[in-house]
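Architecture at a glance
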Amino acid sequence: MKTSLDELIIILSEAFKGETASTLVFSKVRKGISSPYSKLTLKPFLGKAGLAISAGYTEGDKERLQTLALSQVLSATWLQEHLTVFSQLLIKTADRTYHLFANRDGSLRLLSQAGSKQPYLSGHDRQKSYLLAEGHYTPFLVELGVMTSSGRIVSDRYDKFRQINRFLEIVVDVYPALPAKGALHVVDFGCGRSYLTFALHWLLTEYFAREVEIVGLDINPGVIAECSQIVKNLGLQGLRFVTGDIVSWQSEVKADIIVALHNCDTATDAALAQGIRQQTPVILVAPCCQHEIAGQLLNESNRALLRHGIVRERLGALVTDSLRSAALEALGWSSQIMEFIDSEHTPKNLLIRARRPVIPRTLAEREAAKTAYRDLKATWQIASFALESYLSLEDNEDLHSME
């Protein structure tokens, strides 16, 4: 079964939580490769700065130990470097064992896996191992009323608990696209009560052991005061909340991640425009109500289809998100519309995940993406689109050139 480097990083992220004993073993040096080491064994441990990795390089009957940062091991560059030397990987966790083979072309093949759970890569029916586990006291969840002081999830907060964990999985998936060194800069636009802002702070500081500068922005001074008090109560470093609106937000430091979850109507476009201006590596938006495009869809050719308001509203939301995704692709991002949380928990369950490719798009690929965006607008006869209006001509030259 073929798998990808991104999927390997997800497996390792799960394995190296530090909650259970886990081991990754690189072995079988490739023919024609000169290496003093016959094997490399990685194990997680809790160091002074947080979770770290103990690396044992086997040379003959000796082993040289080295401490590595978790972020280094989870980077695509570091893994690819070692996959050019070793051809086999063994990943052992408390409940699963993976055997993988690294092909010469860089692709990975899953030879076998065993364990009591469903295979991790088996698709939508696999069982999840939550990053934030029930039964483990997590201070910010207690402060936000999701968890009791004994580590139990409050009965009517399970949906929020699942949503938080799903969001963290999405961030883990895009983590390799972030800078490997230095503090990570994050802005959460329209943060509200900031369940996911606090969760993101936990993930980056506790799980990945990174320094951060996270800003939660919201126009409601009440929720900003509440969230600022939680920061003070918990003594959290690198996290602050400010009152303000998305359109006028300015910062001297470019963001590495921009988040905008469940902002109403064109506020999502304002957040996307901020990310586009800053050339932000990772943009995560989960739109809420969307009215701008829905009002432009009705015409003589589709009047029978859209005569019901609820149909027009839902189709408008889908077309809006498709336009946003296509615009990001036209401007150089890799964009995907995905399920954020099961629809049984919330009807607002789509998320746009965009990241800047490591290898920039070719001119032909960029032109194809711009054509796709233009065709989508023409198909639905879209005359105005808020994302374009939020961007200046200089920021938005590729989109304006398609008019």
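Quick summary incoming for the structure in this document. Note that the structure is predicted; figures quoted are calculated from it, not measured.

A word on the overall build of the chain. Counting secondary structure elements, the chain contains 13 helices and 15 strands. Taking all 403 residues of the chain together, 48% fall into the buried category. Considering only residue pairs separated by 6 or more positions, the chain has 64% of its internal contacts joining residues 24 or more positions apart. Looking at the chain as shown, the accessible area adds up to about 19,300 Å², and 51% of this sits on carbon and sulfur atoms.

Let us now look at helix H10 (residues 309–330). Taking 1.5 Å of rise per residue, the 22 residues of H10 would be expected to cover 32 Å, and the 31 Å separating its terminal C-alpha atoms lies within 8% of that figure. Two residues or fewer past H10, Gly332 is found with a positive phi of approximately 110 degrees.

As enumerated under the stated definition, the model contains 9 aromatic pairs in all. Here Arg64 stacks its cationic end above the ring of Tyr57, 4.8 Å away from the centre of that ring. Here the basic side chain of Lys160 rests over the ring of Tyr195, its NZ or CZ set 4.5 Å away from the ring centre.

Next up on the list: the side chain of Arg324. On the secondary structure map, Arg324 appears in helix H10. Among residues more than four places away in sequence, those in contact with Arg324 are Asp265, Thr268, Asp269, Leu272, Pro287, Gln290, Ile352 and Phe385.

Direction vectors running N to C along helix H5 (residues 158–174) and helix H6 (residues 195–207) enclose 50 degrees, while the axes themselves pass 10 Å from each other. Judged by the inter-axis angle, H5 sits oblique to H6. Seen along the crossing, H5 lies across H6 with a hand that is right-handed. Of the residues in H6, those in contact with Lys160, Gln163, Ile164, Phe167, Leu168, Val171 and Val172 of H5 are Tyr195, Leu196, Ala199, Leu200, Trp202, Leu203 and Tyr207.

By the definition in use, this model includes 8 salt bridges. The closest approach of N and O atoms between Glu226 and Arg193, which form a salt bridge, is 2.7 Å. With Glu226 in helix H7 (residues 221–234) and Arg193 in the loop between strand S9 (184–189) and H6, this pair connects stretches of sequence that are 33 residues apart. Residue classification places Glu226 among the partly exposed positions, given a relative accessible area of 33%.

Here Val215 is to be found in strand S10 (residues 212–218). According to the relative accessible area criterion, Val215 is buried, its value standing at 7%. Residues Val215 and Asp188 lie 27 residues apart in sequence; the distance between their C-alpha atoms is 6.2 Å. In this structure, Val215 is in contact with Val186, Val187, Asp188, Arg240, Val242 and Trp249, ignoring residues within four places of it in sequence.

Take the sheet that holds strand S12 (residues 257–261) next. One open sheet holds the 7 strands; their spatial order is S11-S10-S9-S12-S13-S15-S14, and the pairing between them is mixed. Both outer strands of the open sheet, strand S11 (239–243) and strand S14 (334–339), are each paired with one neighbouring strand and no more. Taking the axes of each pair of neighbouring strands and ignoring which way they run, one obtains an average angle of 15 degrees across the sheet. Against the sheet, H5 contacts S12, strand S13 (282–286), S14 and strand S15 (350–355), and its axis sits at roughly 20 degrees relative to S15. Packing of H10 onto the sheet brings it into contact with S13, S14 and S15, and relative to S14 it is tilted by some 155 degrees.

A positive phi angle, close to 60 degrees, is found at His262, a residue other than glycine. Inspection of the secondary structure assignment puts His262 in the loop between S12 and helix H8 (267–278). The class of His262 is partly exposed, set by a relative accessible area of 29%. The backbone of Gln279 sits at a positive phi, close to 55 degrees, despite the residue not being glycine. Of note, Gln279 is situated in the loop between H8 and S13.

Mapping Gln66 onto the fold places it in strand S5 (residues 62–69). Taking the relative accessible area as the measure of exposure, Gln66 reaches 32% and is therefore partly exposed. Here the alpha-carbon distance between Gln66 and Gly56, two residues 10 residues apart in the chain, equals 6.5 Å. Those residues in contact with Gln66 that lie beyond four places of it in its chain are Ile53, Ser54, Ala55 and Tyr57.

This next bit is on the pairing of S13. Within S13, 5 of the 5 residues are buried, which leaves it mostly tucked inside the rest of the structure. Of the two faces of S13, both are covered, the one formed by Val282, Leu284 and Ala286 as well as the one formed by Ile283 and Val285. Pairing analysis gives 5 bridges linking S12 to S13, with the strands arranged parallel. Considered in S13, the bridge of Ala260 is made with Val285. Traced from S12 through H8 to S13, the parallel crossover comes out right-handed. Sheet analysis places S13 next to S15, joined by 4 bridges and oriented antiparallel. The residue of S15 that forms the bridge with Leu284 is Arg353.

On the surface, Leu305, Ile310 and Val311 cluster together into a nonpolar patch covering about 250 Å² of accessible area. Within the fold, Val311 resides in helix H10.

Spanning 17 residues, helix H11 (residues 363–379) covers 24 Å between terminal C-alpha atoms, matching the ideal 24 Å at 1.5 Å per step. Residues of H11 that are buried include every one of Ala369, Lys370, Tyr373 and Lys377, and no others. The buried residues of H11 occupy an angular sector of 95 degrees when projected down its axis, which confines them to one face. Opposite its buried face, H11 presents the exposed residues Ala364, Ala378 and Thr379, each directed more than 90 degrees away.

Here is what the cut-offs are and how they apply
Residues numbered from 1 in each chain as written. Predicted model: local features only at pLDDT ≥ 70, side-chain atom pairs only at ≥ 80, totals over all residues. Heavy atoms only, no water. Helix = DSSP H or I, 4+ residues; strand = E, 2+ residues; numbered from the N terminus. Buried < 20%, exposed > 50% of the residue type's maximum accessible area, 1.4 Å probe, protein only. Contact = heavy atoms within 4.5 Å. Areas by Shrake-Rupley, 256 points an atom, 1.4 Å probe, with all protein chains shown as cover. Expected span 1.5 Å × (residues − 1). Phe/Tyr/Trp six-rings, centres within 6.5 Å; stacked < 30°, edge-to-face > 60°. Lys NZ or Arg CZ within 6 Å of the ring centre and 35° of its normal. Axes fitted to C-alpha atoms, helices over the stretch in contact; angles between N-to-C directions. Parallel < 35°, antiparallel > 145°, perpendicular 65-115°, else oblique. Left-handed = near helix turned anticlockwise from the far one by under 90°. Salt bridge = Lys/Arg side-chain N within 4 Å of Asp/Glu carboxyl O. Pairing = 2+ DSSP bridges. Right-handed = clockwise from strand over helix to strand, strands pointing away. Patch = residues over 30% accessible without salt bridge, like charges linked within 9 Å, V, L, I, M, F, W, Y side chains within 5 Å. Arc of directions from axis to C-beta.

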